Amino acid sequence: MAVTIEELYRNYGILADAKPEDLGQHKYAYQVILDGVKGGPKEKRLAAQFIPKFFSSFPELADAAINAQLDLCEDEDVSIRRQAIKELPRFAAGENIVRVADILTQLLQTDDSAEFSQVNTALVSIFKMDAKATLRGLFSQILQGEDIVRERAIKFLSIKLKTLPEDTMTKEVEDYVFTETKKVLEDVTGEEFVLLMRILMALKGLQTVNGRQQLVELVVEQAFLEQALNPADPDTVDRLLQCTRQALPLFSKNVHSSRFVTYFCDHVLPNLSTLTSPVAELDIQQEVLKLLAEMSPFCGDMEKVEANLLMLFEKLLEFMPLPPEAEGENGENTMSEEPKLQFSYVECLLFSFHQLGKKLPDFLIDKINAERLKDFKIRLQYFARGLQVYIRQLRVALQGKTGDALKTDENKIKVVALKITNNINVLIKDLFHNPPSYKSTVTLSWRPVQKAEAVALKRPSGEEMGTGSTMKKLLSPPLPRRNARQIYNPPSGKYSATIGNFTNVYQRAFWGTPMNTDV
């Protein structure tokens, strides 16, 4: 026979009135309360409150009590589930914390927003009791649980760990997080990898130079830099993009990007035109060149600096055309259409070449023969002429515009275009020095602005215009106008947009399956 409300209250009274040292004598009364989970909705709601209140007094019934509460956490009635979940942290004592954390982690799969919030609150509360034991429960489900539980547990850690106080996130706890996360990284999707790196980057113990170097090593393992790149495989390309993006904020003068830069020069640039984008809207060539440019200032010592510079030199030749021929053999006018000047690509390649050139400043003189150097300078000169025309056009278009006028999509694109072209102009001037100079400093056009900028009426210097905000890719030549697809659908013009960060989710098998090492 099911337990009634009256029986629950009567046995609750027996336990409430008993002296603490005598509670163990009333095992039958507690068993009646446990049986309340088999009753109706009212009985279940009372049981959800009564069971945890006397849980610690009946260690021999601990398993039965936790299982009873767990049954209530899985009840069809959402109000009963919420009440049972709210009380779960009261079971978290001693060895039970791991089990409670494991149960709460599984409950993250709920689609009820209020219930999900209740689970989050409960997990945070037991974190403050014993962080390491709570993490054991969480990582147990991340490594062995259902996909939806794994996904939500990783997201929980990526959001909540950084909010916990220092006395909770001790060195021992952080070391445990690092160790367990490395296990998870053996088999992850792209989205999971990004979240897990976010967790690790937030750990205080990894904010040091040695810590950042450890994180870079983790990313290198994920990126498979010891293997050749298959440019036709979007999964392989996505892996490299995701890993490089995660490594970028870790690089500094003490934590070097040399392996990534060399890999890009060895395997990515030779296949630039055949790379398969993991996302249809992404200009994969622009994305790759931007990443390479951002890494290039942090190369450190490089064994293959000459080979890397030669590859960058060859790519620059591809994107910096020769002037069109003006006359044919018989003197007739055969002026061909102006070549398409891809300013955004050239900014990235020139910046990378300029950064690596600092390590081998005589490269253009000693390693490039006179004929090729002359050809290169003709290309630079032609490109510079096109730049000057376009810079003048942009300045005229932006003259006198301030405030809201500069916030329109069209004008924002023009402002960024001016930064791109000024950057290229500064770098070309350096290369025209005899011998070539690598002393000028520019800020890549898409890098965040440190302080508010306005377009001045005076002619700004290249350095002044070298700082930038969001990058928009410039596709068209300075003279013929070509329409190109724009991000956010601004008016058609001379440049199209470059998509920024993106997350593309694949099955874990992609990230976890070792690649063919014989490639």
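Note that this is a predicted model, so its numbers are computed, not measured.

A. Inspection of helix H13 (residues 234-247) at higher detail. The terminal C-alpha atoms of H13, which comprises 14 residues, lie 20 Å apart, in line with the 20 Å expected from a rise of 1.5 Å per residue. Most of H13 sits inside the fold, with 12 of its 14 residues counted as buried. Those residues of H13 that fall on the buried side of the exposure criterion are Thr236, Val237, Asp238, Arg239, Leu240, Leu241, Gln242, Cys243, Thr244, Arg245, Gln246 and Ala247. For H13, the capping residue at the N-terminal end is aspartate 233, with a side-chain oxygen 3.2 Å from the backbone nitrogen of aspartate 235.

B. Structural detail: the packing of helix H9 (residues 147-160) against helix H11 (residues 190-201). Remark: H9 packs on H11, axes separated minimally by 8 Å, with the N-to-C direction vectors making an angle of 30 degrees. In this view, H9 runs roughly parallel relative to H11, as classed from their interaxial angle. In terms of crossing hand, the pair formed by H9 and H11 is left-handed. Residues Arg150, Ile154, Lys155, Leu157 and Ser158 of H9 form the contact with H11, whose own contacting residues are Glu191, Glu192, Leu195, Leu196 and Ile199.

C. Seen up close, the side chain of glutamine 285. In this structure, glutamine 285 sits in helix H15 (residues 284-295). Residue glutamine 285 is classed as buried on the basis of its relative accessible area, which comes to 19%. Leave out the neighbours within four places in its chain, and glutamine 285 touches Leu272, Ser273, Phe319 and Tyr345.

D. Layout of H15. Given a rise of 1.5 Å per residue, 12 residues ought to cover 16 Å, and the 17 Å separating the end C-alpha atoms of H15 matches this to within 8%. Burial of H15 is extensive: 12 of the 12 residues sit out of reach of the surface. Within the span of H15, buried status applies to Ile284, Gln285, Gln286, Glu287, Val288, Leu289, Lys290, Leu291, Leu292, Ala293, Glu294 and Met295. If you check the start of H15, you find a side-chain oxygen 3.3 Å away from the backbone N of glutamine 285, and it comes from aspartate 283.

E. Spatial organisation of the side chain of asparagine 308. As for its placement among the helices and strands, asparagine 308 is situated in helix H16 (residues 305-319). Aside from chain neighbours lying at most four places away, what touches asparagine 308 is Thr262, Cys265, Asp266, Met302 and Leu356.

F. How the structure looks around the packing of aromatic side chains. Per the stated rule, a full pass over the model turns up 14 aromatic pairs. Between phenylalanine 127 and phenylalanine 156 the ring centres are 6.3 Å apart and the planes differ by 25 degrees, which places this aromatic pair in the stacked class. One end of the pair, phenylalanine 127, is in helix H7 (residues 113-127); the other, phenylalanine 156, is in helix H9, with 29 residues separating them in the sequence. Comparing phenylalanine 127 with phenylalanine 156, the two get one shared label, buried. For the ring pair phenylalanine 313 and phenylalanine 363, a centre distance of 6.4 Å and an interplane angle of 70 degrees mean the geometry is edge-to-face. Here phenylalanine 363 lies in helix H18 (residues 363-367) and phenylalanine 313 lies in helix H16, a separation of 50 residues in the sequence. By the burial criterion, phenylalanine 313 is buried, and phenylalanine 363 matches it. Clustering of aromatic rings is evident, with ring pairs tying together Tyr9, Tyr12, Phe50 and Phe54. The ring of phenylalanine 54 carries lysine 53 above its face, with NZ or CZ at 6.0 Å from the centroid.

G. Up close: the confidence of the model for the chain. Looking at the chain as a whole, the pLDDT averages 84, with 84% of positions reaching at least 70. Overall, residues 452-507 carries pLDDT values under 50, and its contacts beyond four positions in sequence, including any with other chains, amount to 175 contacts. A low-confidence stretch, residues 509-519 (pLDDT under 50), is modelled with 25 contacts involving residues beyond four sequence positions or located in other chains.

H. Inspection of the pattern of salt bridges at higher detail. Inspection of the entire model under this criterion finds 23 salt bridges. Across the salt bridge formed by aspartate 111 and arginine 152, the nearest N and O atoms sit 3.4 Å from each other. Remark: arginine 152 occurs in helix H9 and aspartate 111 occurs in the loop between helix H6 (96-107) and H7; sequence separation between them is 41 residues. Between glutamate 166 and lysine 204 there is a salt bridge, with the nearest N and O atoms lying 3.5 Å from each other. Of the two residues, glutamate 166 sits in the loop between H9 and helix H10 (171-184) while lysine 204 sits in the loop between H11 and helix H12 (209-223), which places them 38 residues apart along the sequence. An identical accessibility class is assigned to glutamate 166 and lysine 204; each is exposed.

I. Inspection of the nonpolar core at higher detail. Judged by nonpolar contacts, the single largest core of 157 residues is most densely connected at Tyr30, Ile51, Leu104, Leu157, Phe353 and Leu364. When residues of this core are assigned to their parent elements, the largest contribution, 11 residues, is made by helix H19 (residues 370-398). Leaving out residues up to four positions away in the same chain, leucine 157 has contacts with Phe127, Leu135, Leu138, Phe139, Ile142 and Ile199.

About the thresholds
- Residues numbered from 1 in each chain as written.
- Predicted model: local features only at pLDDT ≥ 70, side-chain atom pairs only at ≥ 80, totals over all residues.
- Heavy atoms only, no water.
- Helix = DSSP H or I, 4+ residues; strand = E, 2+ residues; numbered from the N terminus.
- Expected span 1.5 Å × (residues − 1).
- Buried < 20%, exposed > 50% of the residue type's maximum accessible area, 1.4 Å probe, protein only.
- Polar contact = N/O pair within 3.5 Å; in protein donor to acceptor, adjacent residues only side chain to side chain.
- Axes fitted to C-alpha atoms, helices over the stretch in contact; angles between N-to-C directions.
- Parallel < 35°, antiparallel > 145°, perpendicular 65-115°, else oblique.
- Left-handed = near helix turned anticlockwise from the far one by under 90°.
- Contact = heavy atoms within 4.5 Å.
- Phe/Tyr/Trp six-rings, centres within 6.5 Å; stacked < 30°, edge-to-face > 60°.
- Lys NZ or Arg CZ within 6 Å of the ring centre and 35° of its normal.
- pLDDT = per-residue confidence, 0-100.
- Salt bridge = Lys/Arg side-chain N within 4 Å of Asp/Glu carboxyl O.
- Core = buried A, V, L, I, M, F, W, Y, C linked by side-chain atoms within 4.5 Å.

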